[in-house]
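Fold and contact review
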Amino acid sequence: MSAARPGLFGRSGLGVVSLGLPVVMFVLLAFGAQDFFSVENVTNVNNQITALAIVSLGQLLVALIGGMDISVGSAISLTSVILVSLGSWVAVPVALALGVAIGLTNGVGVALFGVHPLIMTLASMTFVQGLALLIRSGAGGTVPTVLVDLAQGHVFWLPAALYWCIAAIAFASLLLYGLRFGLRLFAIGSNAQSAALNGVRVAGPRLTCYVLCSLSGVVAGVYLTGRIAAGDPSMGQPFGLDSVTAVALGGVQLSGGVGSVLGATLGTITLGLITNGMNLLGVSPFFRGVLTGLLLLCAISLQRRKAIGI
Amino acid sequence: MTQPTADFPMVATPRREAIVARLLALPISYFGTLALLACAGLLRPNLLQPFLLLLILRQTAPLGVAVLGQSLCVRLLSIDLSYGGVAMAVSYIMTSGYLPLSEPALILICLLFGVAVGATNAFFIARLNASSVIVTLAMALILGGVVTAFSQLRAPGDAPAFLRYVGQVRIGILPIAVLVWCALLVPVAAFLRTSTFGRYVEAIGASPRAALASGIPYVRVVFLAHVLSSLFAVVSAFLILGFVGVGSLSIGADLALNSLAAVILGGVSFGSDRGGALGPSVAGFMLMFCFNLLTSFGLGEPGKQMAQGAIIALAAVAYAVRGGKQEK
């Protein structure tokens with residue numbers, strides 16, 4: 001059952017808040033921070049939000065079916081330690097296989113056994129984080145050069161991070177708007193029972209969403225590890241909740257059936273601009289959480305639902 | 001009364017089946033605790049010494065208190081993830097010396113602070129129909145950010161003497177913290193079982209729409225539950241602070257997720273309260289006993305985390321398989 005009221009643009013969830021917030025942030029920073037438009041700063045913002053953008057698009061898929069995946073941060077951490085612990089040709093396939101395993105575990109628990117998504121992904125988050133710490137207890141290690149180049153390099157004078165973002169957005173858009181899969185997700189998220197009665201298979205797409213979300217964590221982990229050129233078992237910790245924050249700021253309803261790729265991307269950009277703006281304006285980074293929390297409260301207050309609940 | 005005999009097996013069988021069915025309907029936490037105690041009896045009998053069991057009970061007390069609030073929210077199809085932020089703020093208020101007031105005044109301020117946090121959460125959740133996950137998560141972010149900004153990551157000072165007394169001293173063999181836990185658990189259990197409020201909670205959990213249509217004060221009940229939940233989080237933070245003896249910015253960081261795990265293991269799920277008030281409390285003890293058992297096996301933090309995750313997942317799946325599907 002969807003508890004959502006449609007926004008300005010129907011099931012996309014885009015509304016005044018999700019569209020207006022990044023614009024307001026952009027205008028404020030354009031006037032308030034001198035170096036905001038410098039090439040270096042724009043590149044920095046792009047580099048900083050790429051991993052979150054990838055994960056948020058994965059989280060979007062899960063949110064559309066009324067789920068939530070907080071284990072995605074642990075998938076990033078596990079990927080990071082795998083990449084510095086195994087040989088370059090083995091590491092990426094192993095990380096992808098583990099991502100599929102995490103997603104399947106979450107998907108089977110939620111879609112087949114009916115475990116609440118928050119509980120199932122909390123359990124896998126704890127397990128996978130422990131596994132990452134077991135493989136490597138601290139930051140360090142050597143990252144394969146090819147991955148560093150893929151994350152830090154430039155193609156046609158543009159930073160590689162931009163291509164990672166474009167690829168992730170294009171893939172998510174294809175899934176949601178170019179294939180029947182996307183239509184099924186909106187149907188399941190709006191009303192799973194009704195979708196099932198209309199011949200839509202519910203369990204398969206749900207399971208696929210969790211697998212894709214975990215894989216988005218793996219891809220973000222590959223990018224992040226390449227970018228900082230070191231492995232870190234706690235690298236992904238903030239991403240589980242940050243990705244939920246980003247999709248919520250982008251107008252995606254956690255009750256399912258309402259959301260868009262554009263919304264998730266705008267939510268990510270808003271979070272990125274908050275961090276960047278605070279750096280440029282010399283505000284204590286400790287206040288980032290405060291500002292994010294307040295923005296989140298404002299955003300959800302303006303996105304009223306019909307029912308009380310999770 | 002008819003005694004079951006070999007000639008009339010039909011009388012005994014349904015009764016036995018009923019007993020087995022009732023046993024199987026008990027929360028996972030009961031079986032889990034028994035299994036862990038048996039495992040400890042075989043492999044680490046030292047852990048079953050009364051002294052150590054009481055020590056584990058004392059460790060469980062803060063989680064047990066937090067579980068009372070979390071289970072109340074979960075029964076109402078809501079959730080409270082702001083415990084970490086609340087505990088952090090309470091730790092700062094009580095130990096930083098920022099407010100030069102007497103201990104009772106500081107405790108009162110913390111309790112009022114809990115009411116304010118709960119009321120704010122409840123306002124967004126019950127009045128504005130916002131997602132409880134997002135609201136309480138945002139609250140945790142705000143509180144954590146404010147405390148970190150104020151403290152600049154400097155460790156606060158010692159816990160007040162009264163809290164240290166509550167957290168560390170025993171009356172006879174019983175730690176005071178355990179008595180505080182029981183003093184909250186018993187009235188809360190009795191209240192939920194006998195009061196109109198308890199019936200309202202049950203009705204809303206079973207079907208919010210039906211409850212609303214029946215004229216049950218839905219908004220007021222959810223509001224009160226969230227205020228109580230934050231108050232329990234404050235008391236839980238007091239107990240941790242007293243037990244540890246010094247303030248810390250990481251106090252209660254895992255309180256929200258552990259309490260959620262205990263609630264599910266204890267048979268309370270979103271909208272369902274099969275485990276009552278006791279099931280989640282037993283689950284809290286089970287989790288703490290499990291951590292201690294794993295420590296005694298020499299398992300480090302990573303191994304403990306893996307075991308914790310596996311236990312939560314298996315328990316949640318087992319609960320779902322037994323017919324208590326949690327997804328709503």
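Remember, it's a predicted structure, so these values are computed and weren't measured experimentally. (Residues numbered from 1 in each chain as written. Chains lettered and ligands numbered in written order. Predicted model: local features only at pLDDT ≥ 70, side-chain atom pairs only at ≥ 80, totals over all residues. Heavy atoms only, no water.)

1. Details of the overall build of chain A
A count of helical and extended segments in chain A gives 13 helices and 2 strands. On C-alpha atoms alone, chain A measures out to a radius of gyration of 19 Å, which is about the 19 Å that the 2.2 N^0.38 rule sets for 310 residues. With the C-alpha coordinates of chain A rotated into their principal frame, the extents come out at 50 × 50 × 35 Å. Counting the 310 residues in chain A, one finds 57% classified as buried. (Helix = DSSP H or I, 4+ residues; strand = E, 2+ residues; numbered from the N terminus. Rg over C-alpha atoms; globule rule 2.2 N^0.38 Å. Buried < 20%, exposed > 50% of the residue type's maximum accessible area, 1.4 Å probe, protein only.)

2. Describing the overall build of chain B
When helices and strands are tallied, chain B shows 14 helices and 4 strands. Taking 20 Å as the expected radius of gyration for a compact globule of 328 residues, we find that chain B reaches 21 Å, a close match to that expectation. Seen through its principal axes, chain B has C-alpha atoms that stretch 80 × 55 × 35 Å. A separation of at least 24 residues holds for 76% of the contacts in chain B among residues at least 6 apart in sequence. Element-wise, carbon and sulfur atoms account for 69% of the exposed surface of chain B, whose accessible area totals about 14,000 Å². Side chains of chain B carry 19 positive and 10 negative charges; the gap between the two charge centres is 3 Å. (Contact = heavy atoms within 4.5 Å. Areas by Shrake-Rupley, 256 points an atom, 1.4 Å probe, with all protein chains shown as cover. Lys, Arg positive; Asp, Glu negative; His and termini not counted. Charge placed at Lys NZ, Arg CZ, Asp CG, Glu CD.)

3. Here we look at the interface of chain B and chain A
By convention, interface size is frequently given as the accessible area that disappears when the constituent parts associate. Chain B puts 48 residues into the contact, and the matching count from chain A is 45 residues. Interface of chain B and chain A: buried area, both sides summed, is about 4,200 Å²; carbon and sulfur atoms make up 76% of it. At the boundary of chain B and chain A, one finds 0 salt bridges. Applying the counting rule to chain B against chain A returns 1 residue pair in polar contact (both at pLDDT 80 or more). Listed by contribution, the elements that provide at least two residues to the side of chain B that touches chain A are helix H5 (103-127), helix H6 (132-151), helix H11 (218-244), helix H12 (255-265) and helix H14 (301-321) of chain B. Across the side of chain B that touches chain A, the residue classes break down as 33 nonpolar, 11 polar and 4 charged. (Buried area = accessible area lost by both parts, 1.4 Å probe. Salt bridge = Lys/Arg side-chain N within 4 Å of Asp/Glu carboxyl O. Polar contact = N/O pair within 3.5 Å; in protein donor to acceptor, adjacent residues only side chain to side chain. Nonpolar A, V, L, I, M, F, W, Y, C, P; charged D, E, K, R; others polar.)

4. Observations regarding the packing of H12(B) against H14(B)
Residue and element names in this part refer to chain B. The contact between H12 and H14 brings their axes to 9 Å, and the two run at 35°. Note on packing geometry: the crossing formed by H12 with H14 is left-handed. Contacts between H12 and H14 pair Asn258, Ala261, Ile264 and Leu265 from the former with Gln308, Ile311, Ile312, Ala315 and Ala316 from the latter. (Axes fitted to C-alpha atoms, helices over the stretch in contact; angles between N-to-C directions. Left-handed = near helix turned anticlockwise from the far one by under 90°.)

5. Let's talk about the nonpolar core
If you look at the biggest cluster of nonpolar residues, it comprises 188 residues, and the most contacted ones within it are Leu60(A), Val90(B) and Met94(B). Here this core gets 13 residues from one element, more than from any other, and that element is H11(B). Excluding residues that lie within four positions of it along the chain, Leu60(A) makes contacts with Leu176(A), Val247(A), Val252(A), Gly259(A), Ser260(A), Val261(A) and Ala264(A). (Core = buried A, V, L, I, M, F, W, Y, C linked by side-chain atoms within 4.5 Å.)

6. What to know about the packing of H12(B) against helix H13 (residues 278-296) of chain B
All names here are of chain B. For the pair H12 and H13, interaxial distance at closest approach is 7 Å and the crossing angle is 120°. Viewed along their axes, H12 and H13 adopt a mutual orientation that is oblique. In the crossing of H12 with H13, the sense of the turn from one axis to the other is right-handed. Listed contacts from H13 to Asn258, Ala261, Ala262, Val263 and Leu265 of H12 are Pro280, Ala283, Gly284, Met286, Leu287 and Phe291. (Parallel < 35°, antiparallel > 145°, perpendicular 65-115°, else oblique.)

7. Re unusual backbone geometry
Residue and element names in this part refer to chain A. One non-glycine residue with positive phi stands out, namely Trp157, at about 65°. Positive phi is not limited to glycine here, since Ala229 has a value of about 55°. The topology assignment puts Ala229 in the loop between helix H10 (203-228) and helix H11 (239-249).

8. Observations concerning helix H7 (residues 161-168) of chain B
Residues and elements named next belong to chain B. Restricting attention to buried positions, one finds in H7 the residues Leu163, Val166 and Gly167. Relative to the axis of H7, the buried residues are bounded by an arc of 95° and lie together on one face. In this structure, the buried residues of H7 make contact with helix H3 (50-75), helix H4 (83-95), H5, helix H8 (176-194) and H11. (Arc of directions from axis to C-beta.)

9. With respect to the environment of Gly69(B)
Residues and elements named next belong to chain B. Secondary-structure assignment places Gly69 in helix H3. Among the residues examined, Gly69 registers a relative accessible area of 0% and is labelled buried. With sequence-adjacent residues up to four places away left out, Gly69 is seen in contact with Tyr83, Ser229 and Phe232.

10. Observations regarding helix H4 (residues 88-112) of chain A
Residue and element names in this part refer to chain A. Compared with the 36 Å implied by 1.5 Å per residue over 25 residues, the 35 Å span of H4 between its first and last C-alpha is a close match. Burial in H4 covers these residues: Ala91, Ala95, Gly99, Ile102, Gly103, Asn106, Gly107, Gly109, Val110 and Ala111. Immediately beyond the C-terminal end of H4, within one or two residues, lies Gly114, with a positive phi of roughly 80°. (Expected span 1.5 Å × (residues − 1).)

11. A short note on the side chain of Ser56(A)
Note on placement: Ser56(A) falls in helix H2 (residues 39-64). The residues touching Ser56(A), leaving out its near neighbours within four places in the chain, are Ser243(A), Ala246(A), Val247(A), Ala264(A) and Thr268(A).

12. Comments concerning the packing of aromatic side chains
Given two aromatic rings, their pairing is described by the distance between the two centres and the angle made by the two planes. Residue and element names in this part refer to chain A. Enumeration over the complete set of coordinates arrives at 10 aromatic pairs over all chains. Residues Phe26 and Phe36 carry aromatic rings whose centres are separated by 5.3 Å and whose planes lie at 75° to one another, so their mutual orientation is edge-to-face. With Phe26 in helix H1 (residues 16-32) and Phe36 in the loop between H1 and H2, this pair connects stretches of sequence that are 10 residues apart. Summarising the aromatic geometry, the rings of Phe36 and Phe37 are spaced 5.2 Å apart at their centres and angled 65° between planes, so their arrangement reads as edge-to-face. An aromatic cluster of at least three residues, connected via ring pairs, comprises Phe26, Phe36 and Phe37. Directly above the aromatic system of Phe186 lies the positively charged group of Arg11, at a separation of 4.2 Å from the ring centroid. (Phe/Tyr/Trp six-rings, centres within 6.5 Å; stacked < 30°, edge-to-face > 60°. Lys NZ or Arg CZ within 6 Å of the ring centre and 35° of its normal.)

13. Focus: the state of the cysteines
A covalent bond between the sulfur atoms of two cysteines is what we call a disulfide. Residues and elements named next belong to chain A. Throughout the structure, instances matching the rule amount to 0 disulfides over all chains. Take Cys209: it sits in no disulfide, and the sulfur closest to it among the cysteines is that of Cys213, at 8.7 Å. Exposure remark for Cys209: the relative accessible area of 0% places this residue in the buried category. (Disulfide = S-S within 2.5 Å.)

14. Section: the confidence of the model for chain A
Per-residue confidence for chain A gives a mean pLDDT of 88; residues scoring 70 or more make up 94%. Every residue in residues 1-6 of chain A is under pLDDT 50, and counting partners more than four places away or in other chains gives 18 contacts. (pLDDT = per-residue confidence, 0-100.)

15. A look at a nonpolar patch on the surface
Nonpolar side chains collect at one region of the surface, where Val155(A), Phe156(A), Trp157(A), Leu158(A) and Tyr163(A) lie side by side and expose about 610 Å² of accessible area between them. Topologically, Leu158(A) is positioned in strand S2 (residues 158-159). (Patch = residues over 30% accessible without salt bridge, like charges linked within 9 Å, V, L, I, M, F, W, Y side chains within 5 Å.)

16. Quick look at the environment of Ala105(B)
For Ala105(B), the position within the fold is in helix H5. Here the alpha-carbon distance between Ala105(B) and Val20(B), two residues 85 residues apart in the chain, equals 53 Å.

17. Some details on the environment of Ala229(A)
Residue and element names in this part refer to chain A. Look at Ala229 and you get partly exposed, because its relative accessible area is 34%. Between the C-alpha atoms of Ala229 and Leu147, which are 82 residues apart in sequence, the distance is 8.4 Å. Setting aside anything within four residues of it in sequence, one finds Ala229 in contact with Gly141, Val143, Val148 and Gln152.

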